[in-house]
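# Commentary on secondary and tertiary structure
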Amino acid sequence: MSAAPPALPVFVPGDYKTDLKPVWCPGCGDFGVLTALYRAMAELQLTPELTAVVSGIGCSSRLPGYVETYGFNTVHGRALPLATGVAVSRPDVKVIAVGGDGDGLAIGGNHFMHSARRNLDVTYILMDNEIYGLTKGQVAPTTPTGDKTKTTHYGNPEPAVDPCELAISFGATWVGRAFSGDLKGTVELIVKALRHRGFAFLNVMSPCVTWRGDDQFKSLKAKARPLPAGHDVTSRFEAFKFTRETDVLSTGVLYDVKSPSLNDRLDTIKVTARAGAPLVTVPEIVKTFLPSF
Ligand SMILES: Cc1ncc(C[n+]2csc(CCOP(=O)(O)OP(=O)(O)O)c2C)c(N)n1
Ligand code: SF4
């Protein structure tokens, strides 16, 4: 009689926790995102050694240290370049990029555009608190016009960007919006984002209680409501209708289309390049480039 195969490990949310205790301020919205991520990872049974969580610099960018996977806390604004390298060189690894709105939309805005355009095989979770948290409350590209911050004493004179609007315009193939105060909704959206093949962008409104006060949480809670049933997620036009909202915060999947990811297109190129080409050995290559070798 043959022995039964060993049981596969079953992961529970707590298995993804590290020994590092989050240093976020009590009440920070990022706690909700972290808890939601643990639950989503358990729901999908992500294998820790086949998952990488990468970030830039900021309060939110501390998150990789709290997740029991491979992780990288890189340089301010550079989560996505690092994620690109991992995703392209290790297509078998699930790559999750995380960070703040300053990190991703100010200094890292350029990388956001090109990652979306390429339909990079990465899930990007932006923890949007409409402020620079770590550096003590300076204005961010997402800070609403008129808001007073450490650097806009008389009110922010600039118009704010809507991260979801940008993601859709840049070519992301999955775009969602969540509120970290709604744990169940955030878990569901992270699961959907992780299941998507290609660049999935989830903007999570994640209050900063220290630099935006209690009002931010209260106002987000009051404004958050699910997207209307029947919203056509395949239509850019329809998705744009739920961007730049002021009195409402529509949560859910705004946009979801299928399109070859960067790795899909690279695989096709590899096949095309190899087709009909004679098999060349490494010594032959060395000889070609270094005749005297
Ligand atoms: C190249 C570089 N420029 C500026 C900084 C300073 N800096 C660190 S975090 C940060 C902004 C943090 O805000 P955000 O990315 O929104 O994240 P949060 O702290 O709000 O989560 C800045 C400007 C830096 N570390 N490196
Ligand atoms: S400063 Fe704001 S974003 Fe940073 S940990 Fe505190 S509450 Fe969170």
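Here, every reference points to the structure presented above.
Okay, so let's go over this structure. (Residues numbered from 1 in each chain as written. Chains lettered and ligands numbered in written order. Predicted model: local features only at pLDDT ≥ 70, side-chain atom pairs only at ≥ 80, totals over all residues. Heavy atoms only, no water.)

### Re the pairing of strand β4 (residues 123–128)
Along β4, 6 of the 6 residues are buried, which leaves the element largely enclosed by surrounding structure. With 5 bridges joining them, strand β3 (residues 94–100) and β4 adopt parallel strand pairing. Paired with valine 98 across the bridge in β4 is isoleucine 125. Across 6 bridges, the pairing between β4 and strand β6 (residues 200–205) is parallel. The residue bridging isoleucine 125 from the neighbouring strand is leucine 202, located in β6. (Buried < 20%, exposed > 50% of the residue type's maximum accessible area, 1.4 Å probe, protein only. Helix = DSSP H or I, 4+ residues; strand = E, 2+ residues; numbered from the N terminus. Pairing = 2+ DSSP bridges.)

### Details of the layout of surface pockets
Approximately 570 Å³ is the volume attributed to the largest pocket. Contributing elements (two or more residues each) for the lining of the largest pocket: β6 and α7 (213–223). Counting residues per element, the lining of the largest pocket draws most heavily on α7, at 4 residues. By volume, the second largest pocket is sized at about 300 Å³. In terms of lining, the second largest pocket is formed by 16 residues, of which the most central are Gly185, Leu189, Pro226, Thr251 and Gly252. Listing elements by their share of the lining of the second largest pocket, those giving two or more residues are β5 (174–179), α6 (183–195), β7 (224–226) and β8 (249–256). The element contributing the most residues to the lining of the second largest pocket is α6, with 5 residues. Its residues assigned to classes, the lining of the second largest pocket shows 7 nonpolar, 4 polar and 5 charged. (1 Å grid on protein atoms, 1.4 Å probe; cavity = no way out; pocket = protein on both sides within 12 Å on 5 of 7 lines; lining within 4 Å. Points joined across faces, edges and corners; volume = space filled by probe spheres on them. Nonpolar A, V, L, I, M, F, W, Y, C, P; charged D, E, K, R; others polar.)

### Considering the site of ligand 1
Near ligand 1 there are 16 residues, and of these Cys59, Ser60, Gly102, Asp103 and Gly133 occur at the shortest range. Between an oxygen atom of ligand 1 and a main-chain N or O atom of cysteine 59, the distance comes to 2.8 Å. Contact between ligand 1 and aspartate 103: an oxygen atom at 2.7 Å from a main-chain N or O atom of the residue. Computed on the free molecule, ligand 1 has an accessible area of 590 Å², of which 74% lies beneath the protein chains in the complex. Top element by residues in the shell around ligand 1 is helix α3 (residues 101–107). It accounts for 4 residues. Of the residues contributing to the shell around ligand 1, the split by class is 6 nonpolar, 8 polar and 2 charged. (Near = heavy atom within 4 Å. Polar contact = N/O pair within 3.5 Å; in protein donor to acceptor, adjacent residues only side chain to side chain. Areas by Shrake-Rupley, 256 points an atom, 1.4 Å probe, with all protein chains shown as cover.)

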